[in-house]
Each structure stands twice: as structure tokens, then as C-alpha cells.
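Coordinates in review
One-letter residues, chain by chain:
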Amino acid sequence: EKCVASMAKKSKNARPPFRDSKLTRILAPALGSEGAAAAVVVCASPDAEDFYETATALEFAAIAVKAKIRPDGALPADPKALTQKLQTDLANLEAPSRETEVELRGQMAPNGGQMDALRERVRDLQNTVARDQQHAAECRDELAEAKRQVGGSRADADGEADHLEDQIAELGRQIERVGAGGGGDEAMEVLRQVARSESQEMKEQLASIKQKLAEQHAELSSLDGAGEDMQMTLPTVALKLTDVGTSYARAGLVKEALLLYMNAITIIESVCGPEDERVVGPLTSLAELYVSQSREEDAIALYKRAYAIDREALGPDHPRVGRHLAALGVAYHRQGKADAAGL
């Protein structure tokens, strides 16, 4: 119907859309070749139930009566002519002007305000990390000193307790000797007073030692709590550094991104250990940056480490482990090691 309607138009530039359906494409030679003739048979029904179909068929017949066969309407364009025309158009295309090139470069350049905001955020994060690391070092030193003092106090307490036990044993022996000699009531009373005095002194010393130990245990508990807070805070800071590094990498600031990734890895390793799975994020980000800089050998080492950590923590069938293997394959392929990439 579209083809017939196009052929019925008076415009010389109207071109029937023979390629819109398989039927019109097959009938194209009969509708557009030189000397072609076509007959259209329209069937109509007198039944009232077929009123709409009959009206549509008659409308189509009215359009078909006006249709004219144009010899060039269905002939495809010459491929060689089209190719030559396209080549001519390409040759006539002008190179972009200097102003256009400057404008495009300006549009592609990162926004200065955003870059300043990112740099300011990085400085704040670096200052926070430095303060937290200093605080962690001070806490570790205080913890070590407290442990040393506790160890010394325990040794002193043990020594004093041993000394008191020796004194009590010596007093017992003296009492036995006096009792065996007889007639030593006065000496016995003196010994009893000495024993009571030394016993009271011993109790006071033991109470003082227990109080010191309780204070040192409380201090150790406080230091342990501070250490746990540091272990919870610093990994979050490291992940933020990784996100900022990714923003820098996308903006083309490779050196800044490299420094942030390395700082994030160092923080997580020092707080959580080198095998903690939270180090995988900055490891893979740094490896991707290395790949973009054609440093595939460095990237492969990082991908292998991330793969080993995730395989141990998540199992060999986890999707993230599969992504590490795929990244390794890409890095090996870029090196030209097809056999390693296939493995």
C-alpha cells in the first residue's frame, strides 16, 4: 500500500519503498522496469459485516488508479557510482578549524572546580590518615609500656610474696625453738607482735599491688579499645582513598591516582594484615591503572595476589575470582602470551 501510494504521488522525486517488505521487493521489477504493466484486482463484498474491509479495499483501489509506473523507481543505484559519490563527499569534507579544535579540547578537559575539590578532599583524607597513623603508633607504644609495667609489677609482687613467705617460715621456726626450750613466754609474746606487725604490713603491700594491677588492667583495656577503633576507622579511610584515586585516574591524573592506591594498600595491610580481603579493591584498581599505562607485568603480579586472597576467602567458584582470572587473561594477551591468556 505504501508503494502504491508513493507511485500515485505527482512528485518526480518520490521513490517507492520497495525494500520495506519481501513482497514489494519481489514485485519491484514488475512495478518499476521499462515497459512494465501491472493489474490490480480489488475484491469487495456486499455483506454488511464486511463493510469496513470493503471500504478499505475501495480506498486502496482509488489510490491504485492514480499510480504511475516509473521506469527508474525500482532500479537499485549503481554501487560503483555510490562509492564514487561517497569518496567525493569525504574528500570535500573540510578539516575542523582551529577554533573548533580548541572548543572540543575545552569540552574534553576536566572541570577545574571539580579537580580543585578533589584535590582538597585528598589533602583532607591524607591529613586524617596521618593523624590516625600517629595516634595508632602512640597507642601501640603506650600499650607496650603498660604491658612492660604490668610484667614488672607482677615480678615485684611475686618477689615480695616469696620474701614474706620466707619471713613467716623463719618466724615459725623461731617459735618452735622457743617452745622447745620452755619458759619463753616473754619471747613468745615479742615474736607474736613481730609476726602480727609483719603480717599487717604484708597485707597492706598486697592490697597496694592489687590496686596497681587493677589500674594497669583498666589502662590496657582502654588501649585495646582504642586499637579496635583504629582497626574499624582506617580501612574505611583507605576505601575512600581508593574511590578518589579512581576519580583521578578517570581524569587522567595518573601519578595522583597511583599514590592514593598505594596509600590505601599500605593502610589496610598495616591495620588488617596483608591477606585481608579488603585490600583486594585497591589492588585491582592499581592493577587496572598499570594495564592502562602498559605496565602489564606489574598488573599481573597484583591480579595474582588479589586472586589468591579472594580464592582463599570466597572460594574458587565465586564470580569475583572469575573476574580476576579474566583480568589476568587480558593482561597476558596484551603481553602477547597467548598460551598463558588461554589458561
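Structural data are supplied above this passage.
The rules behind each value
Residues take numbers from 1 onward in each chain, read along the sequence in its written order. In view of the model being predicted, local features appear only for residues whose pLDDT reaches at least 70, and side-chain atom pairs are presented and counted only at 80 or more, with totals across whole chains, interfaces and linings using the full set of residues. Only heavy atoms go into the side-chain values, all of them from the structure, while hydrogens and water stay out. Secondary structure elements are taken from DSSP: a helix is a run of H or I of four residues or more, a strand is a run of E of two residues or more, and numbering for both begins at the N terminus. Only protein chains enter the accessibility calculation, which uses a 1.4 Å probe. A residue is then buried if its area is under 20% of the maximum for its type, exposed if over 50%, and partly exposed in between. By definition in these notes, contact holds between two residues if any of their heavy atoms fall within 4.5 Å. For the accessible areas, the method is Shrake-Rupley and the probe is 1.4 Å, while residue cover comes only from the protein chains on display. The rule is short: rings of Phe, Tyr and Trp, with Trp giving its six-membered ring, pair when the centres are within 6.5 Å, and they are stacked under 30 degrees, edge-to-face over 60, tilted in between. Only buried residues count toward a nonpolar core, which is a set of Ala, Val, Leu, Ile, Met, Phe, Trp, Tyr and Cys residues joined through side-chain atoms within 4.5 Å. To estimate the expected span of a helix, subtract one from its residue number and multiply by 1.5 Å. Residues enter patches when their relative accessible area tops 30% and they take part in no salt bridge; the joining distance is 9 Å for like charges and 5 Å for the nonpolar side chains Val, Leu, Ile, Met, Phe, Trp and Tyr. By definition here, a salt bridge exists when the distance from a side-chain nitrogen of Lys or Arg to a carboxyl oxygen of Asp or Glu is within 4 Å. Where helices are involved, their axes are fitted lines through C-alpha atoms of the stretch in contact, as for all axes, and angles between N-to-C directions lie from 0 to 180°. Angle categories are assigned with fixed cut-offs, so that under 35 degrees is roughly parallel, over 145 is roughly antiparallel, 65 to 115 is roughly perpendicular, and the rest are oblique. Note on convention: near helix rotated counterclockwise from far helix by under a right angle means a left-handed crossing. Clockwise means right-handed. Lys, Arg, Asp and Glu make up the charged group, whereas Ala, Val, Leu, Ile, Met, Phe, Trp, Tyr, Cys and Pro make up the nonpolar group; the residues left over, Gly among them, are polar.

Some points on the overall build of the protein chain
- Of the regular secondary structure elements, the protein chain holds 12 helices and 0 strands.
- In the protein chain, the succession of helices and strands from N to C terminus is α-α-α-α-α-α-α-α-α-α-α-α.
- Here the protein chain, with 343 residues, has 27% of them falling under the buried criterion.
- For the protein chain, the proportion of contacts with a sequence separation of at least 24, taken over those separated by at least 6, is 63%.
- In the form shown here, the protein chain has an accessible surface area of approximately 23700 Å², with 54% of it arising from carbon and sulfur atoms.

Quick notes on the side chain of Thr 284
- Within the fold, Thr 284 resides in helix H9 (residues 280-292).
- Not counting residues within four places of it along the chain, the set of residues in contact with Thr 284 comprises Tyr 303, Ala 306 and His 324.

Thoughts on the packing of aromatic side chains
- The tally for this structure, following the rule as stated, stands at 1 aromatic pair.
- Between Phe 51 and Tyr 52, the aromatic rings sit 5.4 Å apart at their centres with planes inclined by 75°, giving edge-to-face as the arrangement.
- Phe 51 gets classed as exposed once you look at its relative accessible area, which sits at 52%.
- The class for Tyr 52 is exposed, based on a relative accessible area of 64%.

Observations regarding the nonpolar core
- If you look at the biggest cluster of nonpolar residues, it comprises 39 residues, and the most contacted ones within it are Leu 241, Tyr 248, Leu 286 and Tyr 303.
- Listed by contribution, the elements that provide at least two residues to this core are helix H6 (112-181), helix H7 (185-250), helix H8 (254-272), H9, helix H10 (296-314) and helix H11 (319-335).
- Top contributing element to this core by residue count: H8, with 9 residues.
- Look past the residues within four positions of Tyr 303 in its chain and what remains in contact with it is Thr 284, Ala 287, Glu 288, Val 291, Ala 327 and Leu 328.

Some remarks on the environment of Cys 43
- Within the fold, Cys 43 resides in the loop between helix H2 (22-32) and helix H3 (51-66).
- Overall, the relative accessible area of 65% leaves Cys 43 in the exposed class.

Observations regarding H9
- Its 13 residues give H9 an end-to-end C-alpha distance of 18 Å, which sits within 8% of 18 Å, the value for a rise of 1.5 Å per residue.
- Among the 13 residues that make up H9, 10 are buried, leaving the element largely enclosed by the rest of the structure.
- Listed in full, the buried residues belonging to H9 are Val 280, Pro 282, Leu 283, Thr 284, Ser 285, Leu 286, Ala 287, Leu 289, Tyr 290 and Val 291.
- Among the residues trailing H9, Ser 294 stands out with phi positive, at a value near 60°.

Topic: a nonpolar patch on the surface
- A grouping of Leu 23, Ile 26 and Leu 27 is seen on the molecular surface, where their side chains present a nonpolar patch of about 320 Å² in accessible area.
- Here Ile 26 is to be found in helix H2.

Comments concerning the packing of H8 against H9
- Between H8 and H9, the shortest axis-to-axis distance is 9 Å and the interhelical angle comes to 155°. By the angle between their axes, H8 is roughly antiparallel relative to H9. When you trace H8 past H9, the crossing you get is left-handed. The residues of H9 that touch H8, namely those facing Val 254, Ala 257, Leu 258, Tyr 261, Met 262, Ala 264, Ile 265 and Ile 268, are Pro 282, Leu 283, Ser 285, Leu 286, Leu 289 and Tyr 290.
- For the contact of H8 with H9, a count of residues per class yields 13 nonpolar, 1 polar and no charged.

Some words on the pattern of salt bridges
- For the structure on display, the rule yields 7 salt bridges.
- Ionic pairing is found between Arg 295 and Asp 298, a salt bridge with its closest N-O pair at 3.0 Å.
- Since its relative accessible area comes to 36%, Arg 295 is described here as partly exposed.
- In this structure, Asp 310 engages Arg 320 in a salt bridge whose closest nitrogen and oxygen atoms are separated by 2.7 Å. On the criterion of sequence distance, the pair formed by Asp 310 in helix H10 and Arg 320 in helix H11 is long-range, its members being 10 residues apart.

Here's the deal with H3
- Between its terminal C-alpha atoms H3 stretches 23 Å, which fits the 22 Å expected from 16 residues at 1.5 Å a residue.
- In this structure, the buried residues of H3 make contact with helix H1 (2-8).

Here's the deal with unusual backbone geometry
- At Ser 294, a residue that is not glycine, the phi angle is positive and equals roughly 60°.
- Locating Ser 294 in the fold gives a position in the loop between H9 and H10.

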